[in-house]
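The chain contents come next:
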Amino acid sequence: MASIHVVNVSKRFGETLAPSLREQQRKARVIGRQPRERTAEDAPPEDGVLALDNANLDVRDGESMVILGPSGCGKSTLLRVIAGLESYEGEVFYGGQNMRDVPPKDRGIGIVFQHYALYPQFESKGNLAFFFKMHKRETEIDERVRQTSQIMGLGFEALLGRMPNTLSGGQKQRVAIARAICRNPKLLLFDEPLSNLDAQLRSSTRVEIRRLINRFAITTLYVTHDQAEATIIGDRLAIMDRGRVLQVGAYRDVYAQPANTFVAGFLGVPPMNLFDGVVEDGRIIALNARFTPPPRILDFVARGQRIVIGIRPEDIAIEMDDAPDAGSHNTLRVAFEFVERLPSDRAQLLHATVDGARLIARAPLEREVPLRRPLRLSLPQDRLHFFHSETGMRI
Ligand SMILES: Nc1ncnc2c1ncn2[C@@H]1O[C@H](COP(=O)(O)OP(=O)(O)OP(=O)(O)O)[C@@H](O)[C@H]1O
Ligand SMILES: [Mg+2]
């Protein structure tokens, strides 16, 4: 059973916490006592970099979870904590078992790193075999390498005798993936495994990885900041920012109902348009226009309160008639400045600046949308998202 439970995990790099306190805290955890709180004398809390800040995550047995977030948000650190490669505060469980004192090599994990991390002194087969030698299971090597080659498919066997420094990036990556699955892991961890490959190889390899995951139903954690990878690889995704897991769910659910402005402004290519507004009697003033929210929204906000309105680019309707229509609600008059064509999506993105804010609308590629001329945009009420200004939380 390899469900993963990350409970209130924090990780601070470069902290100068007194070693005596660190040791006390560790002991208290091992024997299940409440650890002593640290005091001002122990270390200033702003010391170092807080890479994980009370992160929580549950991954179901057999599930593929993608961890998505901007650079520096703590994705790799979270993966390394789960693998047992970093010290941390909080708890990590595999199934029901607390992993605090279980060394990485005994955790049944296969890891694939961005930089492959092949052992340079061994040819590919030696890389696959290393784990079995380390565990004194040499007799299994030939059979496992044979099975793994079969799984890895066409051309893989030809790589087995090659040294890492003679392999291309894509070939190294295949060997690294093979090495991870060869040991029959209960848990597969990937940290941006495709980011050093060119675009074409990236898109074919992510499909291969998805096939592998489907075939074995191994619990998988996959770190990326590529949303296309996230939609293919992940059954669900976890969105991180500044050391915290902000939202977990299937891509389409998180996309439809982002929990806060960070997720709204991150998920989607391009992400949701977000605008500042102010609540007035039964409506919201934003972008020099009036918006009528669904009545339930007004139950949660007071007159004069600031609020953030969001709308996805594809939910903005571009009305061709540009008749003056200043009175109607949920419409804007906007002149687009330039267009970005996306032929493979059969779409175009239209860019504008409205009342100092950037706005992007999406339209079918073949539609002729005039530029630099005011057009009427309609923002349907049921497509609007509302967030608290101070907390960023969805209303
Ligand atoms: N060994 C380390 N020593 C000090 N600080 C570190 C160390 N590793 C990571 N950090 C810091 O911790 C924070 C989180 O880093 P992490 O590598 O987990 O981010 P990430 O989400 O994987 O980013 P990226 O997408 O760029 O790989 C960053 O501010 C980083 O500078
Ligand atoms: Mg990283």
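See the structure above.
Every value quoted in this text rests on a predicted model; they were computed, and no experiment measured them. (Residues numbered from 1 in each chain as written. Chains lettered and ligands numbered in written order. Predicted model: local features only at pLDDT ≥ 70, side-chain atom pairs only at ≥ 80, totals over all residues. Heavy atoms only, no water.)

The next point concerns the nonpolar core. Grouped together as the largest cluster of nonpolar side chains are 42 residues, with contacts concentrated most on L68, L128, F156, I209 and I239. At 7 residues, helix α5 (residues 169–182) tops the list of elements feeding residues into this core. When neighbours within four sequence positions are excluded, L68 is seen to be in contact with K75, T224, H225, D226, Q227, A230, L237, A238, I239, M240, F266 and L267. Membership of the second largest hydrophobic core comes to 31 residues, among which are F275, V279, F336 and A363. (Core = buried A, V, L, I, M, F, W, Y, C linked by side-chain atoms within 4.5 Å. Buried < 20%, exposed > 50% of the residue type's maximum accessible area, 1.4 Å probe, protein only. Helix = DSSP H or I, 4+ residues; strand = E, 2+ residues; numbered from the N terminus. Contact = heavy atoms within 4.5 Å.)

This paragraph deals with the packing of aromatic side chains. What the rule picks out here adds up to 7 aromatic pairs. Between Y119 and F122 the ring centres are 6.0 Å apart and the planes differ by 80°, which places this aromatic pair in the edge-to-face class. With 5.8 Å between their ring centres and 35° between their planes, F122 and F130 make a pair best called tilted. Site record: aromatic cluster; members linked through ring pairs are Y119, F122 and F130. R100 extends its terminal NZ or CZ atom over the ring of Y88, reaching a point 4.3 Å from the ring centre. It is R312 that lies over the ring of Y255; its NZ or CZ is 3.6 Å from the centre. (Phe/Tyr/Trp six-rings, centres within 6.5 Å; stacked < 30°, edge-to-face > 60°. Lys NZ or Arg CZ within 6 Å of the ring centre and 35° of its normal.)

In terms of burial, strand β18 (residues 347–354) is largely enclosed, as 7 of its 8 residues are buried. In this sheet, β18 lies alongside strand β17 (residues 338–342) in antiparallel orientation, the contact comprising 5 bridges. Within the sheet, the bridge partner assigned to F338 lies in β18 and is H351. Following β17, the chain reverses through 4 residues before pairing antiparallel with β18; R346 in that reversal takes a positive phi of roughly 50°. Where β18 and strand β19 (residues 357–364) come together, 8 bridges link them in antiparallel fashion. Paired with A352 across the strands is L359, a residue of β19. With antiparallel pairing between neighbouring strands as the criterion, β18 and β19 make up a hairpin whose turn holds 2 residues, including D355 at a positive phi of roughly 50°. (Pairing = 2+ DSSP bridges.)

Our focus in this paragraph is the pattern of salt bridges. Any two side chains of opposite charge can pair, on the condition that their charged atoms come close. The full count for this structure, using the stated rule, is 17 salt bridges. A salt bridge links R244 to D53, with the shortest nitrogen-to-oxygen separation between them at 3.3 Å. In this pair, R244 is assigned in strand β10 (residues 244–249) and D53 in strand β2 (residues 49–59), connecting sequence segments 191 residues apart. The partly exposed category is assigned to R244, whose relative accessible area is 40%. Relative accessible area serves as the criterion here: at 21%, D53 is assigned to the partly exposed category. Residue R362 is joined to D345 by a salt bridge in which the shortest nitrogen-to-oxygen separation is 3.6 Å. Taken as a pair, R362 in strand β19 and D345 in the loop between β17 and β18 lie far apart in primary sequence, 17 residues in all. For R362, a relative accessible area of 24% translates into the label partly exposed. Relative accessible area serves as the criterion here: at 44%, D345 is assigned to the partly exposed category. In the salt-bridge network here, residues are joined through shared partners; they are K11, R80 and E86. (Salt bridge = Lys/Arg side-chain N within 4 Å of Asp/Glu carboxyl O.)

Moving on: helix α6 (residues 199–216). What sets the pattern is the α-helix's 3.6 residues per turn: residues three or four places apart point alike. The end-to-end C-alpha distance of α6, which contains 18 residues, comes to 26 Å, matching closely the 26 Å that a straight helix rising 1.5 Å per residue would cover. Of all the positions in α6, only T205, R206, I209, R210, L212 and I213 are classed as buried. Looking down the long axis of α6, one finds its buried residues gathered within 160° of arc, a one-sided arrangement. For α6, the exposed residues lying more than 90 degrees away from the buried face are Q200, R211, N214 and R215. Lining the buried residues of α6 we find β3 (64–68), α4 (141–152), α5, β7 (187–191), β8 (219–224) and α7 (227–233). (Expected span 1.5 Å × (residues − 1). Arc of directions from axis to C-beta.)

Spatially, the 6 strands line up as an open sheet ordered β6-β7-β8-β3-β9-β10, and their pairing is mixed. Edge strands, defined here as strands with exactly one partner in the open sheet, are β6 (109–112) and β10. The average angle at which neighbouring strand axes cross in this sheet is 15°, direction not considered. Sitting on the sheet, helix α2 (residues 75–83) is in contact with β3, β6, β7, β8 and β9 (236–241), with an inclination near 155° to β7. (Axes fitted to C-alpha atoms, helices over the stretch in contact; angles between N-to-C directions.)

Before going further, it helps to spend a moment on the site of ligand 1. In the vicinity of ligand 1, 13 residues are found, and the nearest of them are S71, G72, K75, S76 and T77. Between an oxygen atom of ligand 1 and a side-chain N or O atom of K75, the distance comes to 2.7 Å. In isolation ligand 1 exposes 630 Å². Once the protein is present, 59% of that is buried. Looking at the shell around ligand 1 element by element, the count peaks at 3 residues for α2. Classifying every residue of the shell around ligand 1 gives 5 nonpolar, 6 polar and 2 charged. (Near = heavy atom within 4 Å. Polar contact = N/O pair within 3.5 Å; in protein donor to acceptor, adjacent residues only side chain to side chain. Areas by Shrake-Rupley, 256 points an atom, 1.4 Å probe, with all protein chains shown as cover. Nonpolar A, V, L, I, M, F, W, Y, C, P; charged D, E, K, R; others polar.)

This brings us to α5. If you check α5, its first and last C-alpha atoms are 20 Å apart, about what 14 residues at 1.5 Å a residue would give, namely 20 Å. Most of α5 is tucked away, with 10 of its 14 residues classed as buried. When we look at burial in α5, the residues that qualify are G170, Q173, V175, A176, I177, A178, R179, A180, I181 and C182. Those residues of α5 that are buried lie in contact with β6, α3 (124–134), α4, β7 and α6. Immediately downstream of α5, the backbone of N184 shows phi near 60°, a positive value.

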